[in-house]
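Spelled out, the chains give:
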Amino acid sequence: MPILFTCPHCGAQTNVDDRYAGQSGPCAQCGRTITVPLPGAMPGQGGSNKTIIVLAVLGGVFFVLLVCGGLLAAMLLPAVNAAREAARRAQCTNNLRQISVAMMQYEMTHGCLPPAYTVDKLGRRLHSWRTLLLPYLDEKALYDQVRFDEAWDSPHNRALADMMPAVYRCSSNPKGAQRLQEMNETSYVVVVGSHTVFPGKQGRTMADIRDGMSNTILLVEQRAGVNWMEPKDLEFDSMSFRINDASKPAIGSCHPGGANVAFADGHIQRLDNSLDAEVLKLLLMADDGKPVRVPE
């Protein structure tokens, strides 16, 4: 069946046998190259319908791949986040272990654990145990710059307060802080109280932990809020004994469902948010004569 074809160059119309559909050749009038359209195509289009079909198919394939890729990413995201959190928790555990070892080295050198804080002649708090531990955390150069006869936030010492060792910060805590001091807030504190391992300005010995070192908490996590040099920790008499209690100062972390703590024998354990408050209270006391263990 003849195809009526109009040359796109000179406008000449020609009836072409349909067996030449889709083929190219010179125009009988102007001699320029033309392509005979397929049946049903607009004159001058040539094989453009094939191109349109191919492009449509390719577009559909691309769309399907895009959707499948998005679904795959959404399925993998929880697993990726879980793996990242596991790595951060492992780093936090390592930080607690390093600090615990440093405390034991301090005791070997000084005959007692570091006091929770140092004081001046008037009893005012000057420095934190975190500053006293610097030589045992490979931070002797920083330690030598501290003026221990001045408060932690004196003009001289305040400049050092912006130089927190990485071991004092849990990697699960939010990063990209807008305020500089947020990056210098410690994740690790002790619990200060007359029956805890840290009664205050006096340092205990390991022998003073009569409830058993594996039953007594030495060091805990707390959400950021205290500069690492500040002589401030959790106070036994005013804290909450619920893990991650948002209503009062408490042991807490950015790890889902609980917080890590270090025991006096050096082992690290995760305490769930559901831990009974009375059990936690007994775990924090070193000499109450009521040793307990974390429920399995």
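Everything in this summary refers to the structure shown in the same document. (Residues numbered from 1 in each chain as written. Predicted model: local features only at pLDDT ≥ 70, side-chain atom pairs only at ≥ 80, totals over all residues. Heavy atoms only, no water.)

1. Points about the sheet that holds strand β11 (residues 258-263)
Note the threshold: Only when DSSP finds a minimum of two bridges between them are two strands counted as paired. Put simply, DSSP marks the helices as runs of H or I at least four residues long and the strands as runs of E at least two long, and each gets a number from the N terminus on.
Strand order in the open sheet formed by four strands is β7-β9-β11-β12, with antiparallel pairing between adjacent strands. Of all strands in the sheet, those with a lone pairing partner are β7 (188-189) and β12 (268-272), marking the two edges. The sheet contact formed by strand β9 (residues 217-221) and β11 spans three bridges and is antiparallel. In the sheet register, Ile217 faces β11, and the bridge partner there is Phe263.

2. What to know about the environment of Ser274
To be explicit about the condition: A simple rule labels every residue: compare its accessible area, found with a 1.4 Å probe on the protein chains alone, to the largest value its type can have, and call it buried under 20%, exposed over 50%, or partly exposed in between.
Structurally, the position occupied by Ser274 is in the loop between β12 and α5 (277-284). The class for Ser274 is exposed, based on a relative accessible area of 64%. As a C-alpha pair, Ser274 and Gly257 span 17 residues in sequence and 8.5 Å in three-dimensional space.

3. Overview of the state of the cysteines
Short version of the rule: Cysteine sulfurs are considered disulfide-paired once they come within 2.5 Å of each other.
For the coordinates displayed, the defined rule picks out zero disulfides. Of all cysteine sulfurs in the structure, the one in Cys170 sits closest to Cys254, which takes part in no disulfide; the separation is 6.9 Å. Under the relative-accessibility criterion, Cys254 is labelled partly exposed at 25%.

4. With respect to the nonpolar core
What counts here: Remark: nonpolar core denotes a set of buried residues (Ala, Val, Leu, Ile, Met, Phe, Trp, Tyr, Cys) joined through side-chain atoms within 4.5 Å. Contact between two residues is taken to exist if any of their heavy atoms lie within 4.5 Å; hydrogens are not considered.
Within the largest apolar cluster, 38 residues are counted, with the highest numbers of intra-cluster contacts made by Ile99, Met103, Trp129, Leu133, Tyr168 and Leu219. Residue assignment for this core shows that the elements contributing at least two residues are α1 (48-110), α2 (129-132) and β9. Looking at which element gives the most residues to this core, the answer is α1, with six residues. Beyond its immediate chain neighbours, meaning those up to four positions away, Met103 contacts Leu113, Pro114, Trp129, Leu133, Val190, Phe198, Leu218 and Leu219.

5. What to know about the pattern of salt bridges
Convention followed: Between Lys or Arg on one side and Asp or Glu on the other, a salt bridge is scored when a side-chain nitrogen of the former is within 4 Å of a carboxyl oxygen of the latter.
For the structure shown, the criterion picks out nine salt bridges. When the shortest N-O distance is used, the salt bridge between Arg124 and Asp120 registers 2.8 Å. Here Arg270 ties to Asp272 by a salt bridge, and the two come within 2.3 Å at their closest N and O atoms. The class of Arg270 is partly exposed, set by a relative accessible area of 32%.

6. Side note on unusual backbone geometry
The phi dihedral of Asp138 is positive, around 60°, even though this residue is not glycine. Structurally, Asp138 can be placed in the loop between α2 and α3 (140-143). Located in the positive-phi region is Asn244, a residue other than glycine, with phi close to 65°. Of note, Asn244 is situated in the loop between β10 (234-235) and β11.

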